[in-house]
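Spelled out, the chains give:
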Amino acid sequence: MKIVIGEGSCGIAAGAAKVYSALQSRITAQDEITLGVTGCIGMCYLEPIVDLYYEDGKLAHRLVRVSPSDADAILDAVRAGDASGIEKLIITKADEGFLSQQTRIVLRHCGVIDPTSIDAYLVEDGYKAVEKVFATMTPEQVIEEIKVSGLAGRGGAGFPTWFKWNAARSAKGETKYLICNADEGDPGAFMDRAVIESDPHSLIEGMLIGAYAIGAHEAVVYVRAEYPLAIVRLEEAFRQARARGYIGKNILGSGFDCEFRIKAGAGAFVCGEETALIESLEGKRGMPRLKPPFPANCGYNQLPSNINNVETFANVAWIILNGGAAYAKMGTENSKGTKVFALTGKINRGGLVEIPMGKTLREVIFDIGGGIRDGKQFKAVQMGGPSGGCIPASLLDTVIDYKALGATGAIMGSGGMVVMDETTCMVGMARFFLDFTTKESCGKCVHCRLGTKRLFEILTRIVEGEGKPGDIALLEELCTTVKDAALCGLGQTAPNPVLTTIRYFRDEYEAHIAGRCPAGECNALVRYDIVEDKCKGCTACVRVCPVKAITGAIKQPHSIDQNLCIKCGSCLTACKFDAVVKA
Amino acid sequence: MDCTCQTVNSDLSLLEPVLREYAEVPGSLITILQHAQETYGYLPIDVIYHVAARTGSTPAKVLGVATFYTQFRLKPVGKYLIMLCQGTACHVNGSQKIEKTIQEELGISDGETTPDGLFTLKNVACLGCCSLSPVMMINGETYGTLTPSKTLEILRGLKKEVEKA
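Here the residue numbering is sequential within each chain, running from 1 through the sequence in written order. To label them, take the chains in the order written and letter them from A, then take the ligands in the order written and number them from 1. With the structure being a predicted model, the display of local features is reserved for residues of pLDDT at least 70 and the display and counting of side-chain atom pairs for 80 or more, all residues being used for whole-chain, interface and lining totals. In computing side-chain values, all of the structure's heavy atoms are included and hydrogens and water are not.

**With respect to the overall build of chain A**
Thinking step 1. Here a strand is any run of E in DSSP of at least two residues, a helix any run of H or I of at least four, and the numbering for each starts at the N terminus. In terms of regular secondary structure, chain A is built from 23 helices and 17 strands.
Thinking step 2. For 583 residues, the compact-globule estimate of 2.2 N^0.38 gives 25 Å, and the C-alpha radius of gyration of chain A, at 27 Å, lies within 12% of that figure.
Thinking step 3. By its C-alpha atoms, chain A is 90 × 70 × 40 Å across when sized along the principal axes.
Thinking step 4. Contacts are assigned to residue pairs with any non-hydrogen atoms lying within 4.5 Å of each other. In chain A, 69% of the contacts between residues at least 6 apart in sequence involve partners at least 24 apart.
Thinking step 5. Accessible area of chain A: about 22500 Å², with a carbon and sulfur share of 52%.
Thinking step 6. Charged side chains of chain A number 64 positive and 68 negative; the gap between the two group centres comes to 4 Å. Just to be clear, the radius of gyration here is over C-alpha atoms, and the globule rule we use is 2.2 Å times residues to the power 0.38. Accessible surface area values rest on a Shrake-Rupley calculation with a 1.4 Å probe, where residue burial reflects the displayed protein chains alone. This count recognises Lys and Arg as positive and Asp and Glu as negative, with His and chain-terminal groups excluded. Each charge is placed at NZ for Lys, CZ for Arg, CG for Asp and CD for Glu.

**Here's the deal with the sheet that holds strand β1 (residues 80–85) of chain B**
Residue and element names in this part refer to chain B.
Thinking step 1. DSSP bridges decide pairing: two strands pair if at least two such bridges lie between them. One open sheet accounts for four strands, arranged β2-β1-β3-β4; its pairing is mixed. Looking along the sheet, the strands with just one partner apiece sit at the ends: β2 (119–124) and β4 (141–143). Shown here is a sheet whose adjacent strand axes are inclined to one another by a mean of 25°, direction ignored.
Thinking step 2. Relative to strand β3 (residues 136–138), β1 runs antiparallel, the two sharing three bridges. From the neighbouring strand, M83 faces β3, where its bridge partner is M137.
Thinking step 3. Each axis is a line fitted through C-alpha atoms, taken for helices only over the stretch in contact, and angles between the N-to-C directions span 0 to 180 degrees. The strands that helix α6 (residues 95–106) touches are β1, β2 and β3; relative to β1, the one it contacts most, it runs at about 155°.

**With respect to the pattern of salt bridges**
Thinking step 1. By definition, a salt bridge exists where a carboxyl oxygen of Asp or Glu is found within 4 Å of a side-chain nitrogen of Lys or Arg. Tallied over the entire structure, the rule returns 34 salt bridges over all chains.
Thinking step 2. Two residues, E105 of chain B and R156 of chain B, come together in a salt bridge whose shortest N-O distance is 2.9 Å. A residue pair is termed long-range when its members are at least 10 positions apart, and E105 of chain B in helix α6 and R156 of chain B in helix α7 (residues 148–164) qualify at 51 residues.
Thinking step 3. Residues joined in a network through salt bridges with shared partners are K164, E273, E274 and K291 of chain A.

**Some words on helix α19 (residues 471–485) of chain A**
Thinking step 1. Taking 1.5 Å per residue as the helical rise, α19 of chain A with its 15 residues ought to reach 21 Å, and the 21 Å between its terminal C-alpha atoms agrees with that figure.
Thinking step 2. Those residues of α19 of chain A that are buried lie in contact with α18 (446–463), α20 (489–493) and α21 (496–513) of chain A. Expected span of a helix, by definition, is 1.5 Å for each gap between consecutive residues, and there is one gap fewer than residues.

**A short note on the packing of aromatic side chains**
All names here are of chain A.
Thinking step 1. Only rings of Phe, Tyr and Trp enter the pairing, Trp through its six-membered ring, and a pair is recorded when the two centres are within 6.5 Å. The plane angle decides the type: under 30 degrees is stacked, over 60 is edge-to-face, the rest tilted. Under the criterion given, the structure shown has 17 aromatic pairs over all chains.
Thinking step 2. With 4.0 Å between their ring centres and 15° between their planes, Y127 and Y246 make a pair best called stacked. Taken together, the residues span a long stretch of sequence, with Y127 in the loop between α5 (118–123) and α6 (128–136) and Y246 in the loop between α11 (228–243) and β7 (259–264) at a distance of 119 residues.
Thinking step 3. Taking the centre distance of 5.1 Å and the plane angle of 70° together, the rings of F432 and F433 count as edge-to-face.
Thinking step 4. We count a charge as sitting over a ring when the NZ of a lysine or the CZ of an arginine lies within 6 Å of the ring centre and within 35 degrees of the ring normal. Here the basic side chain of R193 rests over the ring of Y227, its NZ or CZ set 5.8 Å away from the ring centre.
Thinking step 5. The ring of F341 carries K339 above its face, with NZ or CZ at 5.6 Å from the centroid.

**Quick notes on the domain arrangement of chain B**
Thinking step 1. Residue ranges assigned to the domains are those given by an automatic or database domain assignment. Taken domain by domain, chain B comprises domain 1 (12–68) and domain 2 (80–164).
Thinking step 2. Distance from the C-alpha centre of domain 1 of chain B to the C-alpha centre of domain 2 of chain B: 30 Å.

**Considerations on the sheet that holds strand β5 (residues 177–182) of chain A**
Residue and element names in this part refer to chain A.
Thinking step 1. Spatially, the four strands line up as an open sheet ordered β7-β6-β5-β8, and their pairing is parallel. In the strand order of this sheet, the two ends are held by β7 and β8 (305–309), each with one partner. Strand-to-strand, the axes of this sheet are offset by a mean angle of 20°, without reference to chain direction.
Thinking step 2. Relative to β8, β5 is paired through five bridges, and the arrangement is parallel. Residue pairing across strands places Y177 opposite S305, the latter belonging to β8.
Thinking step 3. On top of the sheet, helix α10 (residues 200–214) reaches β5, β6 (218–223), β7 and β8; it is set at about 145° to β5, its chief contact.
Thinking step 4. Set on the sheet, α11 makes contact with β6 and β7; between it and β7 the angle comes to about 170°.

**What about the packing of helix α9 (residues 191–198) of chain A against α11 of chain A?**
Residues and elements named next belong to chain A.
Thinking step 1. In contact at an axis separation of 8 Å, α9 and α11 are set at 35° when each is read in the N-to-C sense. Judged by the twist between their axes, the crossing of α9 over α11 is left-handed. Where α9 approaches α11, its residues R193, I196 and E197 are matched on the opposing element by L229, A230, R233 and L234.
Thinking step 2. Side-chain classes are defined by residue name, with Ala, Val, Leu, Ile, Met, Phe, Trp, Tyr, Cys and Pro counting as nonpolar, Asp, Glu, Lys and Arg as charged, and the others, Gly among them, as polar. Of the residues belonging to the contact of α9 with α11, the class tally is four nonpolar, no polar and three charged. The handedness criterion is simple: a crossing whose near helix is rotated anticlockwise from the far helix by less than a right angle is left-handed, and one whose near helix is rotated clockwise is right-handed.

**Re the nonpolar core**
Thinking step 1. Only buried residues count toward a nonpolar core. Its members are Ala, Val, Leu, Ile, Met, Phe, Trp, Tyr and Cys residues joined through side-chain atoms within 4.5 Å. Partly exposed residues are those whose accessible area sits between 20% and 50% of the maximum for their type, while under 20% is buried and over 50% is exposed, using a 1.4 Å probe and protein chains only. Core analysis: the largest hydrophobic core is formed by 82 residues, its most contacted members being V142, W165, L203, M207, V221, F260 and L352 of chain A.
Thinking step 2. Looking at this core, the element that brings in the most residues is α10 of chain A, giving nine residues.
Thinking step 3. Filtering out sequence-adjacent residues up to four positions away, V142 of chain A remains in contact with V133, M137, W165, I209, Y212, A213 and I320 of chain A.
Thinking step 4. In terms of nonpolar packing, the next biggest core, distinct from the first, is built from 43 residues, A486 of chain A together with A23, V62 and F68 of chain B among them.

**Some details on the interface of chain B and chain A**
Thinking step 1. Listed per partner, the contact involves 31 residues of chain B and 46 residues of chain A.
Thinking step 2. The term buried area means the drop in 1.4 Å probe accessible area that two parts suffer when joined, counted for both and summed. Of all residues in chain B, F68, T88 and V92 of chain B give up the largest surface area on contact with chain A, accounting jointly for 21% of the area buried on that side.
Thinking step 3. Counting across the interface, chain B meets chain A through one salt bridge.
Thinking step 4. Linking E141 of chain B and K18 of chain A is a salt bridge whose minimum nitrogen-to-oxygen distance equals 3.0 Å.
Thinking step 5. We define a polar contact as two N or O atoms separated by no more than 3.5 Å, with the added condition that, inside protein, one atom must be a possible hydrogen donor and the other a possible acceptor, whereas residues neighbouring each other in sequence contribute only through side-chain atom pairs. Run the count over chain B and chain A and you get 16 residue pairs in polar contact (both at pLDDT 80 or more).
Thinking step 6. Of all the secondary-structure elements, those providing two or more residues to the side of chain B that touches chain A are α2 (29–40), α4 (59–68), α5 (88–92) and β4 of chain B.
Thinking step 7. Class assignment of the residues belonging to the side of chain B that touches chain A gives a composition of 14 nonpolar, 15 polar and two charged.

**Points about the side chain of D192 of chain A**
All names here are of chain A.
Thinking step 1. Counting through the fold element by element, D192 comes out in helix α9.
Thinking step 2. Of the side chains with opposite charge, K339 comes closest to the buried, unpaired D192, at an N-O distance of 6.6 Å.
Thinking step 3. Among the polar contacts made by the side chain of D192, one reaches the side chain of N309 at a distance of 2.8 Å.
Thinking step 4. What D192 contacts, discounting residues up to four positions off in sequence, is N181, E184, N309, V310 and E311.

**Structural notes on the pairing of strand β9 (residues 338–345) of chain A**
Residues and elements named next belong to chain A.
Thinking step 1. In terms of burial, β9 is largely enclosed, as eight of its eight residues are buried.
Thinking step 2. Alternating residues of β9 divide into T338, V340, A342 and T344 and K339, F341, L343 and G345, and every residue in both groups is buried.
Thinking step 3. Alignment of β9 against strand β10 (residues 351–356), held across six bridges, turns out to be antiparallel. The residue of β10 that forms the bridge with K339 is I355.
Thinking step 4. Here β9 hands over to β10 after five residues, the two strands then running antiparallel side by side.
Thinking step 5. Looking at chain direction, β9 and strand β13 (residues 416–421) are connected through four bridges and run parallel.

Encoded structure:
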């Protein structure tokens, strides 16, 4: 029997490493049990996850929400070949649906293979695509195959991959660079991290094919510094691939050379923009350049460079092995293949979801994600992070493709999908994103530097109860100006969260300006009161109030001094008689 | 910012191996600063001057890079570095309440260190453990599904640990 534990970053955060140690310390020499690790299975809400495999490699049981104290029961069950003692840990049919409704290409090995072993990757047809390319394809044929597949940049903009490759291939110059953008900065998206942590060789293989196609002999992965485990796993994968001859000189006897290295980013959202990333690679402040010239002609070190995102590269080996046509069969007219989403927020089943383009938002959120937590109502889904927008319930049947999502005012983006319920204030949400873009604006152009700041200030004023009539029109005007005039993608898209919330939730903005927060989230606009008839005078609220704002004799109705109240909500939670009300 | 160049006196020889490897390699400034921060725990001002001199750059340029990226700190951090996630999922699930709790308990805001040098609070963009939101990471250990009371328990537990030692 083999016991495999999912050790991606979020699995570890949920306690997977402790489960591993607990099992390891209890396995004796007599046990015929091997203990292994795998990457992120993508069912984040069930972590830590432990898989039990038969000797033939078939999955026997998937155990979920395992704690170190379950170790004895698990080992007893494995030794006895009887799972009755661990039934409560076995994944339910409903939860299995989270995976069975997905189509996994990018994530095909995630949570299946051991990411620290190149042999595990080789068993799954690893590096077969590179062998095929070197043996039978010219660089032009590779680019043609990618063109047939319809693969588009998965980092956000959705630009055709073949077009970029072709431009870099056609650019004049001997030295060219292939760069992977793994600076996943969108808060709420973590699929790139999952791929690197769980299947690093598929990234290397995709990059190797890309390097061959454009004629680059140096490949750089620019990884977010906040992803230490991804860096460790990728370095190890480089080492193993180099030892087996997949990296270095004369790869597989093809005569093609390619060196790989990692560059750890230092934390700047704007470095997701390709020219800012190049500046950062050169050791400078990551401030975007004017385009043109485009990186394909004048990029890193002023030489031709091609930049793609992790998820884009992770598709490449599959396309080469299965054919571009097979990939293009999935999806819609203008968006081919699959896309990975990080489904989070007020959702029952959160995690990584890979689906063919063309499914609806409703299918992802309700069928796969299991709907909204705690029986609450769906209000909106935020897509595309700080560059994206909020899509309301009335548009839940929107199909997932670049064009249809763009029409809502949101974007496909890198795949962050944050679900909100009725308790989330949409004005607060817009303010949250503008707070982010204000801090992350590099300061190079005035419209982004000052425009985002002014937007943030107006939104702050509104949530603090000081909104004025005319503020909505002012926001709209400013948003349009920033969109039109900002230098790079960060500034041009920064107003999207404001524009979409105004478009779909204008009533919430109006309510705030009139002095009310419908979601009850903005402290300045809510008040707590005690309903006299319901109050039993039990003093529970008096004891929890941190500012002594509640007074009243025992067994007599209490009251809240509104001048002292800091609106922390402690009384509401403490009251057992529903006597405290929030309005 | 008050001038601190007179008051710090860092052991610059510690950085020598890194400078020998990278000082002459173009585009290595960020890498050098990352190593320097690992060595000193932050970027002391005399180290910034030294790096500038050794790489043939100017202190303004080096400081420009150091202040551009969120990873770099110009002040020492406390024994416990609290990285509070401010990602979208954490925001939706109530990270503001957690921030308020930490601020009230420790009397520090984002970027500040307690006078006893025990805790530093730093808001970070996203730790990528969205299903555990709201989340904070203290010295590499992740604490998820936080509530104000759970947060207090964790902070007070760490304080007690220090008192015992």
